[in-house]
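# Coordinates in review
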There are 2 protein chains.
Amino acid sequence: MVQSQQKLDRVLVKVQDLTPDKADQLIWLRARVHTSRAKGKQCFLVLRQQQFNVQALVAVGDRASKQMVKFAANINKESIVDVEAVVRKVEQKIESCSQQDVELHMERIFVISQAEPRLPLQLEDAVRPDGEGEEEGRATVNQDTKLDNRVIDLRTTTSQAVFRLQSGVCQLFRDTLINKGFVEIQTPKIISAASEGGANVFTVSYFKTSAYLAQSPQLYKQMCICADFDKVFCVGPVFRAEDSNTHRHLTEFVGLDIEMAFNYHYHEVIDSITDTMVQIFKGLRDNFQTEIQTVNKQYPSEPFKFLEPTLRLEYTEGVAMLREAGVEMGDEDDLRSEPEPWDHFYVLDKYPLAVRPFYTMPDPNNPKYSNSYDMFMRGEEILSGAQRIHDAQLLTERAQHHQIDLEKIKAYIDSFRYGAPPHGGGGIGLERVCMLYLGLHNVRQTSMFPRDPKRLTP
Amino acid sequence: MVQSQQKLDRVLVKVQDLTPDKADQLIWLRARVHTSRAKGKQCFLVLRQQQFNVQALVAVGDRASKQMVKFAANINKESIVDVEAVVRKVEQKIESCSQQDVELHMERIFVISQAEPRLPLQLEDAVRPDGEGEEEGRATVNQDTKLDNRVIDLRTTTSQAVFRLQSGVCQLFRDTLINKGFVEIQTPKIISAASEGGANVFTVSYFKTSAYLAQSPQLYKQMCICADFDKVFCVGPVFRAEDSNTHRHLTEFVGLDIEMAFNYHYHEVIDSITDTMVQIFKGLRDNFQTEIQTVNKQYPSEPFKFLEPTLRLEYTEGVAMLREAGVEMGDEDDLRSEPEPWDHFYVLDKYPLAVRPFYTMPDPNNPKYSNSYDMFMRGEEILSGAQRIHDAQLLTERAQHHQIDLEKIKAYIDSFRYGAPPHGGGGIGLERVCMLYLGLHNVRQTSMFPRDPKRLTP
């Protein structure tokens, strides 16, 4: 066990750097034993680091004893080993490994961390595309088994790619906004009142009283706008106590939230958000192609398409187009998660006022509609947003219309009494963006440790 | 009220761009009325955008009527206005404004959002340094009043600077780590078991059962290391149900968390973390000098000093030095928040095993000590970290020694059964880093909407 007994000068080479230019060098390497196969006086290991792997062998002879070969053959899969080995060019490409032009001839092997002999799931089963290998009777791993054993499931090439891409989405989101002059804010998750209506909210015991988990940073982002931060964003958990067991609902997910003051028209906000999304899509396309291809091997999907500028339709146009396509719906029904009639990314603008929260600014030209919008990826909603009411008087009237207890939202309404600029924004679900960008079909695939009404572990 | 009635082509100039090169131009501007002073047939306003402000006047004459001057004089402070004005160079610098070389001669004024006439606090009172203006009987604003009216308090130059700098700390933290090959992860805040002992944890009602709020992402970061992510970080809320009413405790704060596999010695981890902190300090020093100076005007402090490489002392050396300075303490007492005997940033290494969590790796050479460390800024602890035990057997023994219910931490211990690399990390409190970097004295000053046992609002 490495207990920090000593500081070694030894350089550990990375698997992905094992190329023919290192031929005949003696190197040290730390990696997992991906597979192990003994064959007479030889033992073949495949050594893995994340998505990279290399063949390594030990053979009875000058440099290795019979005992060493036996020792190698007995190392459990997924154990972590340090090996000293000579890099050798191979005649024939090793198709099964990422490093196809070399193999390692091991001279010393140390087990750094031994894995237990029986794994709860096999990595090769967990990355098998649906249906493949069925005739050979190969096992597949169902989603709950994967999630129950997430530490092992996350080691697969698919999971590694998904979550490295997710890290990229967050970074692209923030970098784009910081370039646009936004300020990052941190908003509280424990709140005193369930200000957005009170439904679907988790209760927390807070010393001698009760509190709630924030369903969104909405009110706090708006307070920052009233406090002159002009353009703000935040990335953090949001909580929904909704008993929804669907492919796209979680009880806890990561919100990418934006709020900004605008000058004359809330379309300035839509333009900022759609441009941010387009920058994310471009960044993923240009910098995460390996990850996208890796996920596609297991879950094939059409590459994500987007236009510049982003397509923006009015709600009524959307309804008309859906009706033309045979979908029955009323003029003021909410329109979400419809099949994909348009592009992989588009905006639906001007929702009926009745289906939006009380703080949504009514349309100045038609009181049945509102200055609100949703954004869609592959036909599923990923963002909901609007111009917010920045006038305390109108906000009070709209809250009363929605029969909201004014006492409970007093601090919120008071925020607008001392001068508030016109503003708007929206909240994006990180897991949904990753799922839909990659063409996956369950949001649990893009949440490392998903939470839903039936899952609280690991 | 701007309800997005129309899209105007009008360009709004920023206050900070009002310089003599714009002299004699007719411009539009949106800003807050910072102060207002009528004087005969003239009215002087100071117009403000964040930390920038400019003098604007309207005088009865060709371009303005008596009514207009009266109208301007009656606009409440903190209202937001659109003005059309000619930029004029001034003979004598206007010392009270950030834009000292020009003033605005207003021709049209529109009130975009009217503030109520009585403000709960005056901005100039909220930024007054302690003690200043006492003889003139000027008001100061106490901290609770500021926090109760945070939307207004956040408009002060000091608050704007503090939270812009905080946004910078987050970005510097992430950029540095991404450059070092770290991956950002998102960890759940609702957890099924209070795995770190069970004390000081908030309980959440979770459908028909109970859950807890995570006290740190500790276990999840470690699971990611076991899942081959190699180096990970996360930024997110952490929750502590501690009834501590001190200048440095919050019940919810933002954790900047790091975890990484290392090769031979946990000092590799210390070096990564201290270098990250040094990059943050350098970035703040080089890019946030305006903000630092602004905060210093209200809260004077010595500029933050740091060495490269960072000073690392062993715990026993620290104790010896403190004893020499006259502080009485036992060999195994916890050592935190001591007065500043050394540098503005240093590491104390090798804490007694007894004062650290069960998952801390014991020192291989002396079982009374451990491979753990704290980091300090201006003498106060900002990070606690350690090499973690990566061996399921030893972890089980240590948990038993701490009388922890093994059943409750089964999933955690099981994470180490399938091969785990040696690893370590630490968690940093964002608010403390900002407070101590700026030489402030209360963590509520660096939390936008602080939560403590007595405060849940706004």
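The rules behind each value
Residues numbered from 1 in each chain as written. Chains lettered and ligands numbered in written order. Predicted model: local features only at pLDDT ≥ 70, side-chain atom pairs only at ≥ 80, totals over all residues. Heavy atoms only, no water. Helix = DSSP H or I, 4+ residues; strand = E, 2+ residues; numbered from the N terminus. Contact = heavy atoms within 4.5 Å. Areas by Shrake-Rupley, 256 points an atom, 1.4 Å probe, with all protein chains shown as cover. Lys, Arg positive; Asp, Glu negative; His and termini not counted. Charge placed at Lys NZ, Arg CZ, Asp CG, Glu CD. Salt bridge = Lys/Arg side-chain N within 4 Å of Asp/Glu carboxyl O. Buried < 20%, exposed > 50% of the residue type's maximum accessible area, 1.4 Å probe, protein only. Least-squares fit on C-alpha atoms with pLDDT ≥ 70 in both. Polar contact = N/O pair within 3.5 Å; in protein donor to acceptor, adjacent residues only side chain to side chain. Axes fitted to C-alpha atoms, helices over the stretch in contact; angles between N-to-C directions. Parallel < 35°, antiparallel > 145°, perpendicular 65-115°, else oblique. Left-handed = near helix turned anticlockwise from the far one by under 90°. Nonpolar A, V, L, I, M, F, W, Y, C, P; charged D, E, K, R; others polar. Pairing = 2+ DSSP bridges. Domains from an automatic or database assignment.

Attention shifts here to the overall build of chain A. Helix and strand content of chain A: 12 helices and 17 strands. For chain A, the spread of C-alpha atoms along the three principal axes comes to 90 × 55 × 40 Å. The contacts of chain A with a sequence gap of at least 6 include a subset with a gap of at least 24, amounting to 67%. Carbon and sulfur atoms provide 45% of the accessible area of chain A, an area that totals close to 18,700 Å². Taking the average place of the 54 positive charges on the side chains of chain A and the average place of its 64 negative ones, the gap between the two points comes to 8 Å.

With that settled, the discussion passes to the pattern of salt bridges. The final tally for this structure, using the stated rule, is 62 salt bridges over all chains. Two residues, Asp228 of chain A and Arg32 of chain B, come together in a salt bridge whose shortest N-O distance is 2.8 Å. Remark: Arg32 of chain B occurs in strand 2 (residues 26–39) and Asp228 of chain A occurs in the loop between helix 6 (218–226) and strand 11 (231–239); the pair is interchain, linking two chains. Judged by relative accessible area, Arg32 of chain B falls into the buried class, the value being 2%. Between Arg30 of chain B and Asp82 of chain B there is a salt bridge, and its shortest N-O distance comes to 2.7 Å.

Time to look at the relation of the copies chain A and chain B. Of the transformation superimposing chain A on chain B, the axial component is 0.0 Å and the angular component is 180°, with the fit at an RMSD of 0.0 Å. In symmetry terms, the pair is related by a two-fold rotation axis. Residue Val204 of chain A of chain A places its C-alpha closer to the rotation axis than any other residue of that unit, at 2.2 Å.

Our focus in this paragraph is the side chain of Ser272 of chain B. Residue and element names in this part refer to chain B. Mapped onto the secondary structure, Ser272 falls in helix 7 (residues 267–287). Assessed through its relative accessible area of 15%, Ser272 is described here as buried. Sequence-distant contacts of Ser272, defined by excluding residues within four places in its chain, comprise Lys180 and Met260.

A few words on unusual backbone geometry. In this chain, Thr457 of chain A is followed by Pro458 of chain A through a cis amide linkage whose omega measures -5°. Backbone torsion omega between Glu308 of chain B and Pro309 of chain B reads -5°, so that peptide bond is classified as cis. By the secondary structure assignment, Pro309 of chain B is in the loop between helix 8 (289–298) and strand 13 (311–314). The phi dihedral of Gln50 of chain B falls on the positive side, at around 50°, and the residue is not glycine. Of note, Gln50 of chain B is situated in the loop between strand 3 (42–49) and strand 4 (52–59). Residue class for Gln50 of chain B comes out buried when judged on its relative accessible area of 19%.

Residues and elements named next belong to chain A. Among the residues of helix 10 (residues 392–401), Ala392, Leu394, Leu395, Thr396, Arg398 and Ala399 are the ones counted as buried. Next to the buried residues of helix 10 lie helix 11 (410–414). Backbone nitrogen of Gln393 and a side-chain oxygen of the N-cap are separated by 3.1 Å at the start of helix 10; the cap is Asp391. Phi turns positive one or two residues past the end of helix 10, at Gln403, with a value near 55°.

This paragraph deals with the side chain of Thr176 of chain A. Residues and elements named next belong to chain A. As for its position among the elements, Thr176 is in helix 5 (residues 157–179). In this structure Thr176 comes out as buried when scored by relative accessible area, which is 11%. Leave out the neighbours within four places in its chain, and Thr176 touches Thr276 and Gln279.

The geometry of a pair of packed helices is captured by two quantities: the angle between their axes and the separation between those axes. All names here are of chain A. Where helix 5 meets helix 8 (residues 289–298), the axes come as close as 8 Å, and the angle between the chain directions of the two elements is 140°. Between helix 5 and helix 8, the crossing angle belongs to the class labelled oblique. Regarding helix 5 and helix 8, the two cross each other, and that crossing is left-handed. Contacts between helix 5 and helix 8 involve Thr157, Thr158, Ala161, Val162, Arg164 and Leu165 from the first element and Glu291, Ile292, Thr294, Val295 and Gln298 from the second. Residue classes in the contact of helix 5 with helix 8 are distributed as 5 nonpolar, 4 polar and 2 charged.

The next thing to look at is the sheet that holds strand 12 (residues 252–261) of chain B. Residues and elements named next belong to chain B. Spatially, the 8 strands line up as an open sheet ordered 7-11-12-17-16-15-14-13, and their pairing is mixed. In this open sheet, the two edge strands, each paired with only one partner strand, are strand 7 (183–184) and strand 13. Packing of helix 6 (residues 218–226) onto the sheet brings it into contact with strand 11 (231–239), strand 12, strand 16 (380–388) and strand 17 (423–429), and relative to strand 12 it is tilted by some 25°.

Listed as interface residues are 110 residues of chain A and, on the opposing side, 109 residues of chain B. Taken together, chain A and chain B are joined by 8 salt bridges. Across the pair Arg48 of chain A and Asp228 of chain B runs a salt bridge whose closest N-O atoms are separated by 3.2 Å. Seen at the junction of chain A and chain B, the total is 64 residue pairs in polar contact (both at pLDDT 80 or more).

With that settled, the discussion passes to the domain arrangement of chain A. Where interface size is quoted, it is often the accessible area lost as the parts come together. On domain assignment, one finds that chain A holds domain 1 (15–113), domain 2 (123–155) and domain 3 (158–445). Here the C-alpha centroids of domain 1 of chain A and domain 2 of chain A sit 25 Å apart.

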